Amino acid sequence: MSSQASPVKVFIRIRPTASFAHELIECPPDQQTLKVRSRKDSNKGKRNNQLSSWVFQLNGVLDNVSQEDTYDRVARSVVLGAFAGYNGTIMCFGQTGAGKTYTMTGAAETYKHRGIIPRALQEVFQEVEHRADHTFSVHLSFLEIYNETMVDLLSSIKKGKSSNSGVLTVIEEPGGGVSVKGLSLHLVHNEEEALNLLFEGEMNRIIGQHALNKHSSRSHCIFTIHIESRSRTLSDAKYITSKLNLVDLAGSERLGKTGSEGQVQMEAMYINKSLSFLEQVILALADSRREHVPFRQSKLTHALKDSLGGNCNTVLVANIYGEAAQIEETLSTLRFATRMKCVQTKPSINEHVDPVLQVRRLEKEIQFLKEELSMCNTLTNRVGVSNEILSERQVEEVRSQVQRYLSGLLDEIPIVSITQIQEVFAQFKKVVLEQQKKLREQLGPRNPRVEKAMNTTPSTVAEVQGSVGAVGEVESCGYGLGLAKSSQKHQRNVSPKPSKARKDKQISRKEGTVSQAPVENTTVQAEQPLNITESDMTTHEPQQQAPEEQHRTDSPPPKTEAFEDFKAERGSEINRILKENKAVLSERTTQLRILTDVINTTKRDLDYITYELRQFRERKQGQGQFVSAEGEPVLEEAELSLVMQLKELKNRYRQAYEDFRSTKTEVSYCQHLVNQCRTRLLTEFERWYNESFLFPGDVLSVLETGPVRPGHIPVDKALTLMDDEEQSDGLPHKLHADSTASFYNAYNRTLKRVRHLHTPDTSFHYTALK
Ligand SMILES: Nc1ncnc2c1ncn2[C@@H]1O[C@H](COP(=O)(O)OP(=O)(O)OP(=O)(O)O)[C@@H](O)[C@H]1O
């Protein structure tokens, strides 16, 4: 539970005395300030006449305050906080004989002078009685730390709950709290039982005698009240716990003042040492820059770890003398108290869930839901529907249904109940996993990339089955997944849906006069110049994916999308070259068409003039021949004109035919380049797609040793594409495939050379390449 930091509350309690040093200690009426003066120069260790003064701001100064008022001001809120689930710690600190035990336990012989512990016990049991809507259990423990040894002050009491009868050890709990393993816990039902234990423990405390206190406590004591509270009204598995640590620390003492000797002196050394560790912990806690707090240095600081730096409401009572003789120790105590004020704790409610009750509650809820479901089924005439866990026989029946469904013997699996549906899914999953396993075995030794590809869950069982040793789904534009059987041939026009790009092309064909011939069959036929088409400009763009392919999750992206991505990124350069080649091809094709028209027109004109000339000559034959004065035959003007026309047309025809032939060569060459680029684009895309989404390169090489899949050009062929072309196509220009850039440069250079070979007076000029 979230909590806010709150500082430790600090009170000063002054032991009443007849010789109160009014000139040195002043208690202003606000009861929260203490002014102290001292004549002693603490640096030099000797008295002088200079007065030093200090002002201490505290949460309360208890001067001549009764035990009852002390309890009310110091302890009441902490005790009541325990009923809300907050841990609380109240501890008394101070010089030996200053009144710590008096404050904490009080004078046992007088009821009126009883201290915080008996009053807290009284309050606890009063609250237990008042809070009838809760059940409480109260346990007590009483720990003494004497000369760095932990002692269970209630170990002599029978019936105590103890996790260990041997040595006591401080253990740290998961939430940051601490507990003492082996310390006995005693269930108490009322105040009296609790007080019995308190007094029993007090009796067992080690008491010593020295100059300042006849009954000096020689140990630190932690009396703990453990409270557990559960609601009677709510059938809740939640419950809260809290513990109240009531700590009576041993008093600091100056051996010179107490005159301790022997055992008491040794005890004093232990006490002072552990109090010094306590001061170090407080200093560390008060300094926000300190990362480490040395709690484990002593048993006392370790046992008080959660009281000092944990989720606890913590209050310190610093007990001091009012006499001038103890002013130095008083100042020392007040300085410690001031530091303690800087320590922050984070009180939070200790709420728990009882696992047994939780299970019981959930069982009840399940039962209730079952009854409600059964009622629902009855109301909707679904009698006999059971949502119980399926028996082995029923599971077997579902398995059989799934098998028959997968093999096509069963059209659908009837839905019977939720549990049956879940079992159907489980059986499907089994089938998928089995198929994956088989596939792995077929692909040979484990390969992380194969694993990755295999772990991509296919969308359907059929898909998995289809991919095992059989041809994959023939995707649009001839792309295939999986291995192709040798018997399976590629059918180019399988896909029923044209891609958007293809649709666009078809629209443009309608508008123009473009042939519908498929790409593979496109060749530029020199013998049929009039049939030159633009169909070779059609790209091999992938067609629309099948719908189920599009909606697959955890599967490779549709090839149409992937191809578009590929063209925009990885294959952008080759795609750009392809586009430019196609543009040049288009331009040359247009030129070729124009030349064809010119040739045809010229030929028609030639035929016509030839015919006219023949007619003219036939007519002339009957009229005789004109001759010149020298007797040479002379052409009439009309005949001469026809002859001149004929000559000119022949020249034009010859020139046009020459141009046509060279343009046709260019078209042929451009077409070849376009095909080459396209093949390369598709090959590289195919490889990229397979490597990126399907199989790693080494698997590909295995796959590609078999027959060529539909639309799939073997990778080794693709890689040696340029070499193959150099050897086999007989092109006059060498193509260098070091990179797409050099490829394109070579292409441009070739075109320029072809252009240069043409005579400048040709009627048809090449458009400059970009
Ligand atoms: N506020 C008080 N009113 C009346 N008597 C007091 C008060 N404070 C202390 N005393 C008396 O002073 C004596 C010493 O007190 P106490 O034993 O509580 O000191 P202490 O701090 O516990 O000493 P030590 O550290 O040596 O155990 C006791 O006789 C006690 O009754």
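Remember, it's a predicted structure, so these values are computed and weren't measured experimentally.

### Comments concerning the side chain of Asn87
Okay, step 1: Summarising the element assignment, Asn87 is placed in strand E7 (residues 87-94).
Okay, step 2: Residue class for Asn87 comes out buried when judged on its relative accessible area of 8%.
Okay, step 3: Here Asn350 takes part through its side chain, which lies 3.0 Å from a polar atom of the side chain of Asn87.
Okay, step 4: In contact with Asn87, other than residues within four places in its own chain, are Ser242, Lys243, Asn311, Cys312, Asn313 and Asn350.

### Here's the deal with the site of the ligand
Okay, step 1: Taken together, the neighbourhood of the ligand is formed by 15 residues, with Thr96, Gly97, Thr101, Ser216 and Ser217 sitting nearest.
Okay, step 2: Arg15 has a polar side-chain atom sitting 3.5 Å from an oxygen atom of the ligand.
Okay, step 3: Between the ligand and Ala98 there is a distance of 3.2 Å, counted from an oxygen atom to a backbone nitrogen or oxygen.
Okay, step 4: Isolated, the ligand exposes 620 Å² of accessible area, and the fraction of that covered by the protein chains is 77%.
Okay, step 5: Of all the secondary-structure elements, those providing two or more residues to the shell around the ligand are strand E2 (9-15), helix H2 (100-104) and strand E14 (213-217).
Okay, step 6: Here the residues of the shell around the ligand sort into 3 nonpolar, 9 polar and 3 charged.

### Concerning helix H10 (residues 355-379)
Okay, step 1: With 25 residues, H10 extends 36 Å between its outermost C-alpha atoms, agreeing within 8% with the 36 Å of an ideal straight helix rising 1.5 Å per residue.
Okay, step 2: Remark: Asn381 follows H10 within two positions and exhibits a positive phi of approximately 60°.

### Quick word on the confidence of the model for the protein
Okay, step 1: When pLDDT is averaged along the protein, the result is 75; 70% of the residues meet or exceed 70.
Okay, step 2: Ignoring residues within four places in sequence, the model shows residues 457-553, a span with pLDDT below 50, making 175 contacts including any to other chains.
Okay, step 3: Contacts for the low-pLDDT stretch residues 757-770, under 50 throughout, to residues beyond four places or in other chains number 32 contacts.

### A word on the nonpolar core
For soluble globular proteins, nonpolar side chains are generally found buried alongside one another.
Okay, step 1: Ile12, Leu34, Leu143, Leu278, Leu308 and Met340 are the most contacted members of the largest nonpolar core, which has 50 residues in total.
Okay, step 2: For this core, the element with the highest residue contribution is helix H6 (residues 262-286), accounting for 7 residues.
Okay, step 3: Beyond its immediate stretch of four places on either side in the chain, Leu308 contacts Met91, Leu278, Val281, Ile282, Leu285, Phe295, Met340, Val343, Gln344 and Thr345.

### Some details on a nonpolar patch on the surface
Okay, step 1: Together, Leu635, Leu640 and Met644 make up an exposed nonpolar region whose accessible area comes to about 270 Å².
Okay, step 2: Residue position: Leu635 is located in the loop between helix H18 (572-621) and helix H19 (637-694).

### A look at the pairing of strand E9 (residues 149-152)
Okay, step 1: A one-sided burial pattern is seen for E9, the buried positions being Met150 and Asp152 and the unburied ones Thr149 and Val151.
Okay, step 2: As paired elements, strand E8 (residues 134-146) and E9 share 4 bridges and run antiparallel to each other. If you follow Leu143 over to E9, its bridge partner there is Asp152.
Okay, step 3: Here E8 folds back onto E9 in antiparallel fashion, the turn holding 2 residues, of which Asn147 has a positive phi close to 50°.

### Considerations on the pattern of salt bridges
Okay, step 1: Under the defined criterion, the tally for this structure stands at 24 salt bridges.
Okay, step 2: A salt bridge links Arg576 to Glu580, with the shortest nitrogen-to-oxygen separation between them at 2.9 Å. With Arg576 and Glu580 both in helix H18 and 4 residues apart, the pair spans about one turn of that helix.
Okay, step 3: Taking relative accessible area as the criterion, Arg576 reaches 32% and is therefore assigned partly exposed.
Okay, step 4: Lys603 is paired through a salt bridge with Asp607; the nearest N and O atoms lie 3.3 Å apart. Residue Lys603 and its partner Asp607 are both found in helix H18; the two are separated by 4 residues, about one turn of the helix.
Okay, step 5: Using a relative accessible area of 40% as the deciding quantity, one classes Asp607 as partly exposed.

### So, the UniProt feature "binding site: ATP" (unreviewed entry) in the protein
Okay, step 1: Under the UniProt annotation, "binding site: ATP" (unreviewed entry) lies at Gly94, Gln95, Thr96, Gly97, Ala98, Gly99, Lys100 and Thr101.
Okay, step 2: In this structure, Lys100 sits in helix H2.
Okay, step 3: In terms of polar contacts, Lys100 uses its side chain to reach the backbone carbonyl oxygen of Gln95, at 3.0 Å.
Okay, step 4: One can find Thr101 in helix H2.
Okay, step 5: Exposure remark for Thr101: the relative accessible area of 26% places this residue in the partly exposed category.
Okay, step 6: Excluding anything up to four places from it in sequence, Thr101 contacts Gly106, Arg205, Ser217 and Asp248.

### Some points on the side chain of Glu127
Okay, step 1: Among the secondary structure elements, Glu127 is positioned in helix H3 (residues 116-130).
Okay, step 2: What makes Glu127 buried here is its relative accessible area of 14%.
Okay, step 3: Looking at Glu127, its side chain comes within polar contact range of the side chain of Arg131, at 2.8 Å.
Okay, step 4: Contacts of Glu127, omitting those with residues within four sequence positions, involve Leu80 and Phe83.

### Examining the environment of Arg680
Okay, step 1: Among the structural elements, Arg680 can be located in helix H19.
Okay, step 2: Taking the C-alpha atoms as reference points, Arg680 and Gly571, 109 residues apart in sequence, are found 9.6 Å from one another.

### Quick look at unusual backbone geometry
Okay, step 1: Here Gln31, not a glycine, exhibits a phi torsion of approximately 60°, which is positive.
Okay, step 2: Relative to the elements of secondary structure, Gln31 occurs in the loop between strand E3 (25-26) and strand E4 (33-41).
Okay, step 3: In this structure, Asn64 takes a positive phi of about 55° despite not being glycine.
Okay, step 4: Given a relative accessible area of 64%, Asn64 falls into the exposed group.

### Some points on the packing of H6 against helix H9 (residues 327-341)
Okay, step 1: Closest axis-to-axis distance for the H6/H9 pair is 8 Å, and the angle between their directions is 35°. In the packing of H6 onto H9, the handedness of the crossing is left-handed. Here Leu278, Glu279, Ile282, Leu283 and Ala286 of H6 come into contact with H9, specifically with Phe336, Arg339 and Met340.
Okay, step 2: Of the residues contributing to the contact of H6 with H9, the split by class is 6 nonpolar, no polar and 2 charged.

### Points about the environment of Tyr239
Okay, step 1: Relative to the elements of secondary structure, Tyr239 occurs in strand E16 (residues 238-248).
Okay, step 2: In this view, Tyr239 contacts Glu228, Ser229, Arg230, Asn350, Glu351, His352, Val353 and Asp354; residues no more than four positions away in its chain are not counted.

Cut-offs applied
Once a new chain begins, its residue numbering starts again from 1 and follows that chain's sequence as written. Predicted model: local features are reported for residues with pLDDT of at least 70 only, side-chain atom pairs are reported and counted for 80 or more only, and whole-chain, interface and lining totals are derived from all residues. The basis for every side-chain value is the complete set of heavy atoms in the structure, and neither hydrogens nor water enter the calculation. Helix and strand definitions here come from DSSP, where helices need a minimum of 4 consecutive H or I residues and strands a minimum of 2 consecutive E residues; each element is numbered from the N-terminal end. Accessible area is worked out with a 1.4 Å probe on protein chains only. A residue is then buried under 20% of its type maximum, exposed over 50%, and partly exposed in between. The term polar contact refers here to a pair of N or O atoms within 3.5 Å; inside protein, the definition further demands a hydrogen-donor-capable atom paired with an acceptor-capable atom, and it admits residues adjacent in sequence only when both atoms are side-chain atoms. Any two residues whose heavy atoms approach within 4.5 Å at even a single point are treated as in contact. Here a residue is considered near a molecule or strand provided that any single heavy atom belonging to it is located within 4 Å of it. Methods summary: accessible areas were calculated by the Shrake-Rupley approach with a probe of 1.4 Å, and residue burial reflects only the protein chains presented. Under the scheme applied here, ten amino acids are nonpolar (Ala, Val, Leu, Ile, Met, Phe, Trp, Tyr, Cys and Pro), four are charged (Asp, Glu, Lys and Arg), and all others, including Gly, are polar. The span expected for a helix works out to 1.5 Å for each residue beyond the first. pLDDT measures how confident the predictor is about each residue, on a scale from 0 to 100. By nonpolar core we mean a set of buried residues, namely Ala, Val, Leu, Ile, Met, Phe, Trp, Tyr and Cys, connected to one another through side-chain atoms within 4.5 Å. Note that patches include only residues with greater than 30% relative accessible area and no salt bridge, and the join distances are 9 Å for like charges and 5 Å for nonpolar side chains (Val, Leu, Ile, Met, Phe, Trp, Tyr). Salt bridge, as applied in this entry: a Lys or Arg side-chain nitrogen positioned within 4 Å of an Asp or Glu carboxyl oxygen. Between any two strands, pairing holds if DSSP finds at least two bridges. UniProt positions are given in the numbering used here, feature names are shortened, and annotations may be inferred rather than shown by experiment. Axes here mean lines fitted to C-alpha atoms, for a helix over just the part in contact, with angles spanning 0 to 180 degrees between N-to-C directions. For a crossing to be left-handed, the near helix must be turned anticlockwise from the far one by less than a right angle; the clockwise case is right-handed.

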